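Working through the structure, step by step
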Amino acid sequence: MLKRWIIVSVALIFVLSLLPACVEEATPTPTPTPTGPVKIAGITAWSGPAGMAGALGDTCISLVEYQVNEIGGGLLGGRQLDIIPCDSGSTTAGCVACARQALYENDVSAACWGGFTAADANAIVDFSEENELPYFFWGGIPLDICDKKFCARNTLAMDSMMTIADDTMKLFNPKTVAGLAYDTADARAYMSGWLERFEAAGVDVLYEEYYPPATTDFSAYLTTIKSLNPDVLMLISQQEGYVAIAKQIVGLGGLGDTKIMCDPPAETAMSEQGAQGWYVRALWYPGLDTPGGKKLELDYYALYGAEISVTLIVFFYNCVWSAINAIELAGTTDRVKVAEATRSGKLEWEAPVGTLHFTTCGEPGYIRPLFAQIQDKRLAPVQVPE
């Protein structure tokens, strides 16, 4: 009996050993390749005090989607780019609400732009770090982002910003200077830093004042500045503020021989009589001989049939294209991998101002400030003496 069971068991084992050769092996199911759009959030103000920014956001969205989808054939092997706008309402709470919507409702791979104050910037940076959302922003605040992992700056850092005072002294060789800026942490940091540099170089600081951001009547400030007659007025305002200041300068009969040095939003007032002759710090201007600048101008003309008249668009443009290049470098829309690619030390692209090469700290490398003067309602490049 035992012998029979042994024979049966051996036979059964032999038969079972043959089964795999007779049964077709199952083919593993491949992971499906994503085919939906690559989504990026565009957060800025379409309403509220800073609502003029929304028009630039719209222009940038249309332009970059045209460049990627129509000219470039899409991202990551042909996927369409979808830049999803969100109106912050010119508030910090609105900025954070937009970031939350971008992440949890729209499932974007990155967010761009942001608000216009230090509070706005810090709030979105904090949200992006806590929720692992890659964020490409345009401000000098926060000053130090090296300990962050999910954000990257796309404009001048503080060290580059401070050279604006040095360049202003090279341009005008002033003996006296005044400063007027809206009262936010970032504007105070810039203005106080510039005035310290002027003072250290022997330039007398005659005036330093910070006004509430919602100010519309600047006549008292301007009247005082006119009476002091400084060689240079360093001015920081928002788009709406610059328009109002230009109009009110005319009402005062001008500011004499005072040279007025402004930040980029001043070009919003280019058509105003009171803005003629102003000097404007720019991140780029038409005609700049760089590969990225030429591409921007050619593609803009192809889409709109007109030349670029507002250089502020590059603040929007740079952020979006940095996000796009980070996604392409990562080879995926996975947010963590996009953030890792951004800070890999390998993210580089040809921006309108020149090559941006992002460091492992999320900085775009040194960007030299450019300057232009408002002449005949247009920006004319200005060369800074060496």
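Every residue gets a number counted from 1 within its own chain, in the order that chain's sequence is written. In keeping with the predicted nature of the model, local features appear solely for residues at pLDDT of at least 70, side-chain atom pairs appear and are counted solely at 80 or more, and the whole-chain, interface and lining totals rest on all residues. Side-chain metrics in this entry use all non-hydrogen atoms of the structure; hydrogen atoms and water are not considered.

1. Some remarks on the overall build of the chain
We count a stretch as a helix when DSSP gives it H or I for four or more residues in a row; a strand needs E for two or more, and each element gets its number in order from the N terminus. A count of helices and strands for the chain gives 11 helices and 14 strands. Relative to the 2.2 N^0.38 estimate, which gives 21 Å for 386 residues, the radius of gyration of the chain is 28 Å and therefore markedly larger than a compact globule would have. The principal-axis extent of the C-alpha atoms belonging to the chain is close to 120 × 40 × 40 Å. For every residue, the accessible area (1.4 Å probe, protein chains only) is compared with the maximum for its type, and the residue is labelled buried under 20%, exposed over 50%, or partly exposed between those bounds. Evaluated residue by residue, the chain yields a buried proportion of 52% over its 386 residues. Considering only contacts in the chain between residues 6 or more positions apart, those separated by 24 or more positions represent 70%. Restricting the calculation to C-alpha atoms gives the radius of gyration, and the globule rule supplies 2.2 Å times the number of residues raised to the power 0.38. What makes two residues a contact is simply this: any of their non-hydrogen atoms within 4.5 Å.

2. Topic: the sheet that holds strand β4 (residues 135-137)
Consider a sheet: its strands pair through backbone hydrogen bonds, and that pairing is either parallel or antiparallel. Only strands that DSSP links by at least two bridges are regarded as paired with each other. With respect to topology, five strands assemble into an open sheet ordered β2-β1-β3-β4-β5, the strand pairing being parallel. One side of each edge strand has no neighbouring strand; the edge strands of this open sheet are β2 (81-87) and β5 (151-153). Looking at each pair of strands side by side, their axes are set apart by 20 degrees on average, direction ignored. The pairing of strand β1 (residues 38-44) with β2 spans seven bridges and is classified as parallel. Among the inter-strand pairings, V38 is bridged to a residue of β2, identified as L81. To obtain an axis, a line is fitted to C-alpha atoms, over the contacting stretch when the element is a helix, and the angle between two such axes runs from 0 to 180 degrees between their N-to-C directions.

3. Some details on empty space enclosed by the protein
For cavity detection a 1 Å grid was placed over the protein atoms alone, and a set of points counts as a cavity when a 1.4 Å probe fits there but cannot get out; an open set counts as a pocket when protein lies on both sides within 12 Å along at least five of seven lines, with lining residues being those that have an atom within 4 Å of a point. Grid points are joined across faces, edges and corners, and a volume is the space filled by probe spheres set on the points. Applying the stated criterion across every chain, the model contains one cavity of 30 Å³ or more. Volume-wise, the largest cavity comes out at about 610 Å³. The wall of the largest cavity is formed by 35 residues, among which F116, W138, Y182, D263 and P265 lie closest to the centre. When residues of the lining of the largest cavity are assigned to their parent elements, the largest contribution, four residues, is made by helix α6 (residues 185-200). Looking at side-chain class alone, the lining of the largest cavity contains 22 nonpolar, nine polar and four charged residues. Put simply, Ala, Val, Leu, Ile, Met, Phe, Trp, Tyr, Cys and Pro go in the nonpolar bin, Asp, Glu, Lys and Arg in the charged bin, and everything else, Gly too, in the polar bin.

4. What about the packing of aromatic side chains?
In this analysis, rings of Phe, Tyr and Trp, with Trp reduced to its six-membered ring, are considered paired at centre separations within 6.5 Å, and the interplanar angle assigns stacked below 30 degrees, edge-to-face beyond 60, and tilted for intermediate values. Evaluation of the coordinates by the stated rule reveals 14 aromatic pairs. Residues Y211 and Y221 carry aromatic rings whose centres are separated by 6.0 Å and whose planes lie at 50 degrees to one another, so their mutual orientation is tilted. Here Y221 lies in helix α7 (residues 219-228) and Y211 lies in strand β7 (residues 204-211), a separation of 10 residues in the sequence. On the basis of relative accessibility, which here comes to 1%, the residue Y211 falls in the buried class. When the centroid spacing of 6.5 Å and the interplanar angle of 55 degrees are considered together, the rings of Y317 and W349 count as tilted. A residue pair is termed long-range when its members are at least 10 positions apart, and Y317 in helix α10 (residues 313-330) and W349 in strand β11 (residues 348-351) qualify at 32 residues. Ring pairing ties together the aromatic residues W113, F116, W138 and F316, which thus form one cluster. For the cation-ring pair, R188 lies above Y210, with the distance from its terminal atom to the ring centre recorded as 4.1 Å. Only lysine NZ and arginine CZ atoms are considered, and such an atom sits over a ring when it is within 6 Å of the ring centre and within 35 degrees of the ring normal.

5. Points about the pairing of strand β3 (residues 110-113)
The sheet contact formed by β1 and β3 spans four bridges and is parallel. Residue pairing in the sheet places A41 in a bridge with A111 of β3. Examined bridge by bridge, β3 and β4 share two bridges and lie parallel to one another. Within the sheet, the bridge partner assigned to C112 lies in β4 and is F136. For the handedness criterion, the strands are oriented away from the viewer, and a crossover whose path from the first strand over the helix to the second runs clockwise is classed as right-handed. The handedness of the β3 to β4 crossover, carried by helix α4 (residues 118-131), is right-handed.

6. A closer look at the confidence of the model for the chain
Model confidence for the chain is summarised by a mean pLDDT of 90, while 91% of its residues fall at 70 or above. Predicted confidence for residues 1-25 stays below pLDDT 50, and this span has zero contacts to residues more than four positions away or in other chains. On a range of 0 to 100, pLDDT expresses the predictor's confidence in each residue.

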